[in-house]
Structures are given as structure tokens and as C-alpha cells.
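Structure assessment
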Amino acid sequence: MTSGDVVLDARVAVRRPAFSLDVGLRVASGQVLALLGPNGAGKSTVLRALAGLLPLSEGRVLLDGVDITAEPAERRPVGMVFQDYLLFAHLSVVENVAFGPRCRGVPTRRARRLALDLLGEVGLAEYAAARPRALSGGQAQRVALARALAVRPRLLLLDEPMAALDAHTRVSVRSQLRRRLAAFDGAAVLVTHDPLDAMVLADRVLVLEDGSAVQEGPPAEVARRPRTGYVARLVGVNLYRGEAEGTRVLLPGGPGGPVALTAASSHSGEVFAAFPPRAVALYRDRPHGSPRNAWPLTVDGVERFGDQVRVHLTGALAVSADITPAALAELSLAPGERVWASVKATEVECYPA
Ligand SMILES: Nc1ncnc2c1ncn2[C@@H]1O[C@H](COP(=O)(O)OP(=O)(O)OP(=O)(O)O)[C@@H](O)[C@H]1O
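What counts and what doesn't
Residues numbered from 1 in each chain as written. Predicted model: local features only at pLDDT ≥ 70, side-chain atom pairs only at ≥ 80, totals over all residues. Pairing = 2+ DSSP bridges. Helix = DSSP H or I, 4+ residues; strand = E, 2+ residues; numbered from the N terminus. Axes fitted to C-alpha atoms, helices over the stretch in contact; angles between N-to-C directions. Domains from an automatic or database assignment. Contact = placed C-beta atoms within 7 Å. Parallel < 35°, antiparallel > 145°, perpendicular 65-115°, else oblique. Left-handed = near helix turned anticlockwise from the far one by under 90°. Nonpolar A, V, L, I, M, F, W, Y, C, P; charged D, E, K, R; others polar. Core = buried A, V, L, I, M, F, W, Y, C linked by C-beta atoms within 7 Å. Buried ≥ 20, exposed ≤ 12 C-beta atoms within 10 Å, placed from the backbone.

Overall, antiparallel pairing links the three strands, which are arranged β11-β12-β18 in an open sheet. At either end of the open sheet lies a strand with only one pairing partner, and these are β11 (238–251) and β18 (349–352). The average undirected angle you get between the axes of adjacent strands in this sheet is 45 degrees. Relative to β18, strand β12 (residues 259–275) is paired through four bridges, and the arrangement is antiparallel. Looking at β18, one finds that A274 is bridged to E349.

What follows is the structure in C-alpha cells.
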């Protein structure tokens, strides 16, 4: 099998009285697809359906061209890492990892050997005899991954594998997971709420909202050119939809009527226009040199954001601006105050809607 062949080719449709999901997924050999989306979008439902833990209302699941839609979960070449790992507390670590192969008929000693090899690969050989309760969160995650890989899956499913970890542990576990995923030649589907996980771990991102795919592409592309408010907020960019005529984009705007925005590139028709909060400069008075994109706005709120301060502004446009704490002090901004916001046209990314 050469890298790039399609391993997973699925359409997953699940209908429940209050929820309906219909999404197509294609993942090539060695690739990681991140499913990103708000709570209740259907991410876990997709994983459970792919794993065979939930019947499809419609659609099918092909793995390496073989239709496994009717196969029960235990017969699918699928490994799954659950959010809280679900390690068996009464089994040792090595027995946990050997569990899948044992269930699939691999003789005890061979399954144990395989499990020990996998534990060695995730750096936990010395914990083979330990019980899961003796493991840290990061170690438990690595055991869960070894257990998922022990069935030699062609499809690896990871449901928020970092959610149970503290922020500090997450950084190191994320980079270990990245290395493990790079060595895996099947298809991987990762569910996450965290755009950083998607950026670091995935080759492609599929954004799911209310049971439908609303955007799909390489992580950097999705971050640079979000197509929904959810994605824009997630990656922290200001996103607008309007009508372009050349580099001029007319946005429906707020209470004062339409607002014109000058973008870097020329377009015609319905477009998205996006710019990052760090590209927004704030002034007490109308800025000189008349930058084309300058609006008088009102401060709606101020919050700490890393080592920056994010200022939320309302008015003709809703804009978020990142400024330094020093700039905040100098401007002495407080909610309700009027301020000028400006953005260079070269910072405004414009793309067809
Ligand atoms: N077993 C179930 N029976 C009925 N409805 C369910 C079941 N599991 C989930 N749902 C509903 O299906 C929808 C999708 O849920 P799902 O857990 O797949 O979303 P999600 O994107 O994974 O959300 P989260 O990020 O909160 O885990 C939700 O409306 C949820 O309430």
C-alpha cells in the first residue's frame, strides 16, 4: 500500500428524534483527520458509528475498499482511545493492552508479547505489571493508545484523547501522540475541541456543526479562512461576510448601515473577509495618514489573552483587537468608551463565500 491511498471512505448518517447527522469522511493512509465542532455537533456519534458501536441509519463504512458496515465492533480492524481511556481497573497494564488481541483469538503468550512490545514503544514497559490506578493521566493515555494499537487497526479513533489531562501534561502528551500518529500507516480520526490539537496533530480538519460538515481542509487553511462564526471564534479571527467589488467589500454592518472594507485581493460577489485581532490598531483619535479601514467603535469588554489584552468592540462592526497591557494603560480603555480601530488592507484576507 502506498502512502496516500484512501483507507477510510465513509458516509455516516445517524438519525435520532432530536438530532440528525450526515457526514462524508475520507482519510488516506498515514493521515490524521481532526473532527472539530461545538458540543453536541455529533463528533462522538461519528466515532461510535465508525467503531461499530452505533448502527448507521444510512451510509456505509469502507476500510481499504472493504465494506465493514455490517461487521460488529469486535470484528472491525479499528482501535479506539476513549476520552477517559476506560482502562480495566482489575487488569494489569499489560493485560489491558493484550485484551483486544486476546478477544480476537490471539493466544495468551503471543498477545502478551505484543502488548509488552507496544508498552515499550510508548515508554511504559516498566509499568506492565502495574494496575491502571498507579498511572498518571499522561501514562494512562499512552496505555490506552497502546491498547488501541494492539489490535493492529487500519483505523484509529481518538475521542478527545487529551481532554482529561492538565494543561502542562497535555503539551508533552500531544507531542508524543504526534510521533505515534506519524508512525501509524492506517487512517486516524481525532475528535477534539482544541484547535491546537487539530493544528499539531491533524493533516486535515473537518468542522462539524449540528450534524453537518461546514468546512474541511488543512488546519492552516481552516484557521486562515474560517467559514463559520464558530470556527472564527475558535481560531480567534474577526470574520465578516459581504459583497466584493474589486478590493472593496461592502458588509451589511451594524446599526449605522453598511460598512466598506478594503481587502488585499480583488474579488467579485459574495465573500468572506477576515483579519486577526493582532492586526487591529486602536487610537483615541482618528488615525492620521487615513488608513482605509478605520472605524469609530465602542469598547464592549476587555479580557486577558495570553500576554496580550483582547478588546471587544461594537458599533458599525463587531471587532476584537489584541493590544499590549501597556497600550491598554496608555489608552486607558474601559467599557463604553469610544475609540478608533484600524486595519491595513494587506491584513484583510478575502475569499469567496
Ligand atoms: N446515546 C444517545 N442517545 C440519544 N441521543 C444522543 C446519544 N448520544 C448523544 N446524543 C445526542 O446526539 C447529539 C450529538 O452528540 P455527540 O455526543 O455526538 O456530540 P459531540 O459533538 O461529540 O459533543 P461533545 O463535544 O459534547 O462530546 C447531541 O444532541 C446529543 O445530545
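That was the structure; now back to the text.
Next up on the list: the domain arrangement of the protein chain. Partitioning the protein chain into domains gives domain 1 (6–230) and domain 2 (236–352). Domain 1 and domain 2 are separated by 39 Å when their C-alpha centres are compared. In this complex, domain 1 contributes five residues to the contact, which on the side of domain 2 involves six residues.

Looking now at the environment of G123. Among the secondary structure elements, G123 is positioned in the loop between α3 (108–121) and α4 (137–149). C-alpha separation for the pair G123 and G65, spaced 58 residues apart in sequence, amounts to 34 Å.

Before going further, it helps to spend a moment on the packing of α4 against helix α5 (residues 167–183). Where α4 contacts α5, the two axes come as close as 10 Å, and the packing angle between them is 20 degrees. By the angle between their directions, the pair α4 and α5 is classed as roughly parallel. You can see that α4 and α5 cross each other, and the crossing is right-handed. Residue-level inspection shows G137, G138, Q141, R142 and L145 of α4 in contact with α5, the latter providing T169, S172, V173, Q176 and R180. Here the residues of the contact of α4 with α5 sort into two nonpolar, six polar and two charged.

Moving on to the sheet that holds strand β15 (residues 308–315). Here five strands make up an open sheet; going across it, the order is β13-β17-β14-β15-β16 and the pairing antiparallel. This sheet does not close on itself; its edge strands, each paired only once, are β13 (281–283) and β16 (319–323). Ignoring strand direction, the axes of neighbouring strands in this sheet form an average angle of 45 degrees. Of the strand pairs in this sheet, β13 and strand β17 (residues 338–343) are connected by three bridges, and their pairing is antiparallel. Paired with L282 across the bridge in β17 is A341.

With that out of the way, let us pick up the nonpolar core. One finds A34, L35, L50, V97, V189, L190 and A273 to be the most contacted residues of the largest nonpolar core, which totals 100 residues. When residues of this core are assigned to domains, at least three map to each of domain 1 (6–230) and domain 2 (236–352).

Looking now at the environment of T314. Its place among the elements puts T314 in strand β15. In the structure, T314 is positioned 13 residues away from G301 in sequence and 9.4 Å away in space, judged by C-alpha atoms. Leave out the neighbours within four places in its chain, and T314 touches L297, T298 and D300.

To continue, consider the packing of helix α2 (residues 93–103) against α3. Packed helix pairs are characterised by how far apart their axes lie and by the angle those axes make with each other. Interaxial distance between α2 and α3 falls to 8 Å at its minimum, and their mutual angle equals 125 degrees. When the axes of α2 and α3 are compared, the pair comes out oblique. As for how α2 packs across α3, the hand of that crossing is right-handed. Contact residues: α2 offers V93, V94, V97, A98, P101 and R102, while α3 offers T108, A111, R112, L114, A115, L116, L118 and L119. Of the residues contributing to the contact of α2 with α3, the split by class is 11 nonpolar, one polar and two charged.

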